[in-house]
Amino acid sequence: MTGSVTTIALIATWLLMVNRHLSRLTPYLICLLFFGIGGVHATITSQAPIDPSHISHLAKERREVSLVGTLLHCPETNTEQTTVLMATHLLIDQKGETGTHGLALLTAPSFPANITPGDHFIARTTIGPVSNFGTPGVFDYQQYLEDQGIRVKGWIKTPSLIMKVNQLSPPSWASRMRYLPERLRFQLSQFLTTSLPPQTAGVYKAILIGDSSSLTPETKEAFKASGSIHLLSISGLHMALVALFSTGIISWLLKRSEWILLNLPATKVAALLSLIPLAAYTMIAGANPPVLRSLIMISVFIAALLLDRQWSISTNIAIAALIILAANPTQLYTASFQLTFTAVSSIALFSPYLAKIAAQGTIENKELSVQKRIVFTVKKWTIASFLISLAATIGTAPVLAFHFNRISLASPISTILIEPILCLWSLIIGLVACLFIGIPPIAHALFAVGSPGITASLAIADLFTHLPWLYLWVTPPSIPAIMSWYLLLILFASWPILSRRALSFGLLSCFGLWLLAPLTQNNSTSHDTKVTILDVGQGSAIIIEAPGSDPILIDGGRKQARSNKEFDTGENLIAPYLWHKGIKRLSMIICSHPDADHYNGIPFLLARFKPETLWINGYESDEKSYHQMLATATHLKIKTTIPTPGMELYQAEDISLKVIAGGQLRATSNNKGATDNNQSLVLRLTHGNVAFLLPSDIEEEGEHSLLNHPGIKADILVSPHHGSATSSSSAFLTAVAPRYVAISAGQNQHGHFPAPAIVARYQKLNSAILNTAEHGSLFFTTDGKNIQVETYR
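Residues numbered from 1 in each chain as written. Predicted model: local features only at pLDDT ≥ 70, side-chain atom pairs only at ≥ 80, totals over all residues. Heavy atoms only, no water.

1. Some remarks on the sheet that holds strand β16 (residues 639–641)
Strand order in the open sheet made by the 8 strands is β16-β15-β14-β13-β12-β11-β24-β25, with mixed pairing throughout. At either end of the open sheet lies a strand with only one pairing partner, and these are β16 and β25 (787–791). In this sheet, adjacent strand axes meet at a mean angle of 20 degrees when their direction is disregarded. With 3 bridges connecting them, strand β15 (residues 613–615) and β16 associate as parallel partners. Bridging from a neighbouring strand, Thr 613 pairs with Lys 639 of β16. Along the sheet face, helix α23 (residues 602–609) touches β13 (552–558), β14 (588–590) and β15 and points at about 170 degrees away from the line of β14. (Pairing = 2+ DSSP bridges. Helix = DSSP H or I, 4+ residues; strand = E, 2+ residues; numbered from the N terminus. Axes fitted to C-alpha atoms, helices over the stretch in contact; angles between N-to-C directions. Contact = heavy atoms within 4.5 Å.)

Encoded structure:
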């Protein structure tokens, strides 16, 4: 269908272009054609597969099956798990065998080493559709995978449930060639894993084969803090180094021939031939979108060199962007695409000034001694490199803030310090070592020579983690603010050649965009109270926004998935939502009790949102992570306080947040060393005639103690203990008599949280039931009389 639409559009555009009366419209028609085809292409590729045999139609619900398929890529392994991509062929369940196709992303504690890319294997796995957290502002993981054609995920409990399937006939020549690059990646990955220390191997995998799964959290954080995380991703910089290295060697070899020097442009031929090692490096690096994008950009610049158009930088950037977007229009919305082209465009924008700096002192330099000439050259290129990095940092700042809420002010400095030793030393030597992978002693020796560069890079990056004032956590800027930023950059770089009228118009446009920016923010000045129950999976996070006060957070954690224990709920779910709302500070954080699914995201939030008080229930816990949270509060000089029943934590006009159970009076010395849900802080929020009851994880015993409490009745009840069968007793629900019941539970907890019997009790009360697992985040707004309810999904 896409091909037909494209053909019709091309023919129509050609007919219009050949019409002499419409020739002036040609550039505009070409633009309309490009964006029209891109829109159609993006719409079609984003639609779900129609074929009923596609694996996505066989995995609409979580269930355990056996899948038979082909291993497509080199397995990616970290300290906790291994992830593999299977091209499915057959699904086996209780009903029998069903032929299928499509991709499935499978995760297991480890993966058999005898299965390599291109091999067929069978796995017993629990499959299900790819899903997102239903929380605004968080990373769209589902869309990220769908852009790669992945709509199904699976979990394999143990490697013993994975077995290689021997093929009846040997693979064809075409099949062997197809999987050769991935087999080489697999061989390199295995060699690095067994030959180098884990941290060094993780960095080498990232810069050589594009596999960042083995990077430790400490390594990632160090490079993020220093603003040099881009050096660990195979990008245009790495491809450019390979191109320059290859072109230099090929050019040197070609210039050994007198005939070539007399009959051919050796430099151009060398640049053209460098596409061969570039293509090989692309395949070894996994041929993922960022690597392919870099190959296209380098290829366009090589084509420009061959056509003597290498100085048309802006045109070359535009051509590369058009080629990439023509192949995959959805790339436009990815952070990596935006970062690549904003960085390159910013450098191109300021390239005339950078060229002047690089050319300074060229004539005078000839009169200097060799030693002074070297010092002068190093100084000049250091300044130029700093300015290039500064231009890229300024250009990418809004994109980084928008997607990652984080900007490192140290990026220009760290890049100059780390790039030479990591890219010009470790990377180049590592690439040469890859050529000798079949001769282990030589490869070992070369990696041993390149490894100190990685060690030094890690040490430099780690220094910046101790300088937190050099990196900023920010709320995402609005689209008008981003447009204003880039317009200012263009005006600043172009002001010498702009007329007064153009400059004035540009500045007025910037001013207008800045005035428009606040109108697009989520800030509200209403007198309503807003209560948001975030979808954090199997856990709890409740945000109260009362008029005239910074928001209050009640709990902030989730049950850690066995497949991703490094996931920080505060950093990846709660903070992005707060930043998305334009919230920069919390007035207080309340931790109802020491269960990890209620507190494990709080340490990050303490550091980033600096609340005045951390309220806890006073119940002692042996959990190390809980004591680390308390230590974080102490280090940040945040007051940690235990409330008493009846205490008002917040009060303003007709709004009140009160503790009705838990706290000091129930945290006695007899309960030390254990965790008891019935010791949870039970809170009641009222605004006028509307009340919310927030009972955390109390069970029937705790509910029974509240039956005679005068403040138990509420319009909105947050289901106790996530809807567990141990809570929500009939007597308790009758006493509360809620109009709405909000359940905070994970998508994979069906049948347990909430329990079917408990749901039946809610239905018997005619309460409206809202579940974050189904509806995503839940939003309640009240003016003290009326209640407005919205859901994310």
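Next comes the rest of the write-up.
2. Some words on the sheet that holds strand β23 (residues 768–771)
Taken together, 7 strands build an open sheet; the order of strands is β17-β18-β19-β20-β21-β22-β23 and the sheet is mixed. Looking along the sheet, the strands with just one partner apiece sit at the ends: β17 (648–652) and β23. Adjacent strand axes in the sheet meet at a mean angle of 20 degrees, parallel and antiparallel pairs treated alike. In terms of strand pairing, strand β22 (residues 740–743) meets β23 through 4 bridges, oriented parallel. Each residue of the ladder has a partner; that of Tyr 740, found in β23, is Ala 768.

3. Quick look at the packing of helix α7 (residues 236–254) against helix α11 (residues 289–306)
A pair of packed helices can be characterised by two numbers: the angle between their axes and the separation between those axes. Running from amino to carboxyl end, α7 crosses α11 at an angle of 50 degrees, the nearest separation of the two axes being 9 Å. Taken together, α7 and α11 sit at an angle that is classed as oblique. For the element pair α7 and α11, the recorded crossing hand is right-handed. Where α7 abuts α11, its residues Gly 236, Met 239, Ala 240 and Ala 243 lie against Val 291, Ser 294, Leu 295 and Ile 298. In terms of residue class, the contact of α7 with α11 is built from 6 nonpolar, 2 polar and no charged. (Parallel < 35°, antiparallel > 145°, perpendicular 65-115°, else oblique. Left-handed = near helix turned anticlockwise from the far one by under 90°. Nonpolar A, V, L, I, M, F, W, Y, C, P; charged D, E, K, R; others polar.)

4. Focus on the packing of aromatic side chains
Scanning the model with the defined rule gives 15 aromatic pairs in all. Ring geometry for Phe 139 against Tyr 144: centres 5.7 Å apart, planes inclined by 55 degrees, an arrangement best described as tilted. Taking the relative accessible area as the measure of exposure, Phe 139 reaches 57% and is therefore exposed. Judged by relative accessible area, Tyr 144 falls into the partly exposed class, the value being 44%. Between Trp 473 and Phe 604, the ring centres sit 5.2 Å apart and the planes meet at 85 degrees, which makes this aromatic pair edge-to-face. A residue pair is termed long-range when its members are at least 10 positions apart, and Trp 473 in strand β10 (residues 471–473) and Phe 604 in helix α23 qualify at 131 residues. Three or more aromatic residues joined by ring pairs form one cluster here, namely Trp 473, Trp 579, Phe 604 and Phe 609. (Phe/Tyr/Trp six-rings, centres within 6.5 Å; stacked < 30°, edge-to-face > 60°. Buried < 20%, exposed > 50% of the residue type's maximum accessible area, 1.4 Å probe, protein only.)

5. Description of the nonpolar core
Among the nonpolar cores identified, the biggest contains 47 residues, and Tyr 204, Leu 208, Leu 278, Leu 422 and Phe 447 are the most heavily contacted of them. Secondary structure elements with two or more residues in this core: α4 (173–195), α5 (198–209), α6 (217–225), α7, α10 (275–284), α11, α17 (411–435) and α18 (440–464). Excluding residues within four positions of it along the chain, Leu 278 makes contact with Met 239, Val 242, Ala 243, Leu 295, Ile 298 and Ile 302. Of all hydrophobic cores here, the second largest spans 31 residues; its members include Val 536, Leu 586, Leu 606 and Ala 633. (Core = buried A, V, L, I, M, F, W, Y, C linked by side-chain atoms within 4.5 Å.)

6. Section: unusual backbone geometry
A positive phi angle, near 50 degrees, is found at Ala 287, a position not held by glycine. Residue placement: Ala 287 occurs in the loop between α10 and α11. One non-glycine residue, Ser 728, adopts positive backbone phi at about 55 degrees. Examined against the element boundaries, Ser 728 turns out to sit in the loop between β21 (716–718) and α26 (730–736).

Purely geometric stuff here, so don't read any function into it on its own.
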